[in-house]
Amino acid sequence: MKVQFLDLASQYRKIRNEVLREVKAVCDSQHYVLGKNVSGLEAEIASYCGARFAVGVASGTDAILLSLMAAGVGPGDRVITTPFTFFATAGSIARLGAIPVFADIHPQTYNISPDSLESLLKKNSKGVKAIIPVHLYGQCADMAPINRLARGYGLKVIEDAAQSIGAEYRGRRAGALGDMGCFSFYPTKNLGCFGDGGMVTTGNEKLALKLKMLRVHGSKVRYYHDIVGANSRLDELQAAVLRVKLKHLESWTGGRVKNAARYDRLFRKAGLEGLVALPYIQDGNRSVFNQYVVSVKKRDELRSHLSQIGVSTEIYYPLPLHLQRCFKYLGYRKGDLPVSEKTAKEALALPIYPELREAEQKYVVSGIAGFYAKSS
Ligand SMILES: *Cc1c(COP(=O)(O)O)cnc(C)c1O
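Let's talk about the overall build of the protein
Each helix and strand counted, the protein has twelve helices and 15 strands in total. In summary, the protein has a C-alpha radius of gyration of 21 Å against a globular reference of 21 Å for 376 residues, a match within 12%. Taken across its 376 residues, the protein has 57% of its residues classed as buried. Taking the contacts inside the protein whose residues are at least 6 apart along the sequence as the reference set, 72% of them involve residues at least 24 apart. Of the roughly 16,600 Å² that the protein leaves accessible, carbon and sulfur atoms contribute 52%. Once the 51 positive and 34 negative side-chain charges of the protein are each reduced to a mean point, those two points are 1 Å apart.

In structure tokens, the structure reads:
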């Protein structure tokens, strides 16, 4: 049997006619930039997330970059985030001449640890302007203590919700839990377009207006520039595709949640709990399972065994950001953030897309059982 890591084709087959009709309508209109599909999608995403405003931008990376700019982050400012995330989170901080400061992660949720965040702030809060918690793999970070600390120290909170559209924390959705929420529509995300795209949500009208200026080179009136911004717009073709797909998002998320629960059951039934640490969902959280990540010893050997029997897996992420070559100047050393470093060696993402079938999940779990039966 072959089990793909992600099968976008099976999703596309079901919505093909609907999507092509909308794409054709955009082409027929010849209106490609900032038209009714972008404004329509912005309203729909804002409402879906429970945020007052949403601003379409060119990518998830730009959503983070523009949010930092809107928050007034600039050269020499410090921004605290997690090292266990996709590069864009910290890369965007560094691109503005600001300094990424890394807190360690919670050993079970893999999200930024509020305790680690608090001890960083207690030690030295000078120059810190913002915090970027990442809602990793589809689960929200522990936002209550994070927001409490942010209020105490006067910091902006920018959620990196690229992997977590629709995720809930104590009944509220990702993107409505901080000052701004950043989404990515990269094809592998739960809501993916046919290329690059992103969105920022916010409850603050001033920030929304500033973001709208920043995506068009800082202008409110064409050719008059109040601030320096970027060319970072979501385009009409992508927005049209996303509006079709957004209607299916809840049902696709339901498929992911169901598949995650089924993996949990299969691993327990196979008696693998001692060897395979299953995803831990914090009380009050609804994960949207962009990834189903287990933590295992002998991770790399297991991964090549699975590959040999036809099961594709991924590693998110093999090297924490504080140890990346490009951040050498920050002065971190191996051992500085032990939980992130350990997790980077043990985390393994299994196929979890909505269309994944029960027989395929059983094959994955029995493949893992087979590996540990042989190797122990
Ligand atoms: C995908 C992702 C991004 C970046 O999004 P792009 O649209 O690829 O630029 C940022 N942060 C996290 C956590 C992501 O998973």
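Considerations on the nonpolar core
Core analysis: the largest hydrophobic core is formed by 42 residues, its most contacted members being Leu41, Ile45, Ile80, Phe185, Leu191 and Met199. Breaking this core down by element, the ones donating at least two residues are α2 (36-49), α5 (114-123), β4 (128-132), α6 (143-153) and α8 (236-246). Element by element, the count of residues in this core is highest for α2, at six residues. One finds Tyr263, Phe289, Ile368 and Phe371 within the second-largest nonpolar core, a separate group that totals 26 residues.

Focus: the packing of α5 against α6
Between α5 and α6, the least distance of the axes is 9 Å, while the angle of their chain directions is 15°. When the interaxial angle is binned, α5 and α6 end up roughly parallel. The way α5 lies across α6 gives a crossing that is left-handed. Within the contact between the two elements, α5 uses Pro114, Leu117, Glu118, Leu121 and Lys122 and α6 uses Pro145, Ile146, Leu149 and Tyr153. When the residues that make up the contact of α5 with α6 are grouped by side-chain class, the tally is seven nonpolar, no polar and two charged.

About the cut-offs
Residues numbered from 1 in each chain as written. Predicted model: local features only at pLDDT ≥ 70, side-chain atom pairs only at ≥ 80, totals over all residues. Heavy atoms only, no water. Helix = DSSP H or I, 4+ residues; strand = E, 2+ residues; numbered from the N terminus. Rg over C-alpha atoms; globule rule 2.2 N^0.38 Å. Buried < 20%, exposed > 50% of the residue type's maximum accessible area, 1.4 Å probe, protein only. Contact = heavy atoms within 4.5 Å. Areas by Shrake-Rupley, 256 points an atom, 1.4 Å probe, with all protein chains shown as cover. Lys, Arg positive; Asp, Glu negative; His and termini not counted. Charge placed at Lys NZ, Arg CZ, Asp CG, Glu CD. Core = buried A, V, L, I, M, F, W, Y, C linked by side-chain atoms within 4.5 Å. Axes fitted to C-alpha atoms, helices over the stretch in contact; angles between N-to-C directions. Parallel < 35°, antiparallel > 145°, perpendicular 65-115°, else oblique. Left-handed = near helix turned anticlockwise from the far one by under 90°. Nonpolar A, V, L, I, M, F, W, Y, C, P; charged D, E, K, R; others polar.

Keep in mind that these numbers describe shape and distance, not what the molecule does.
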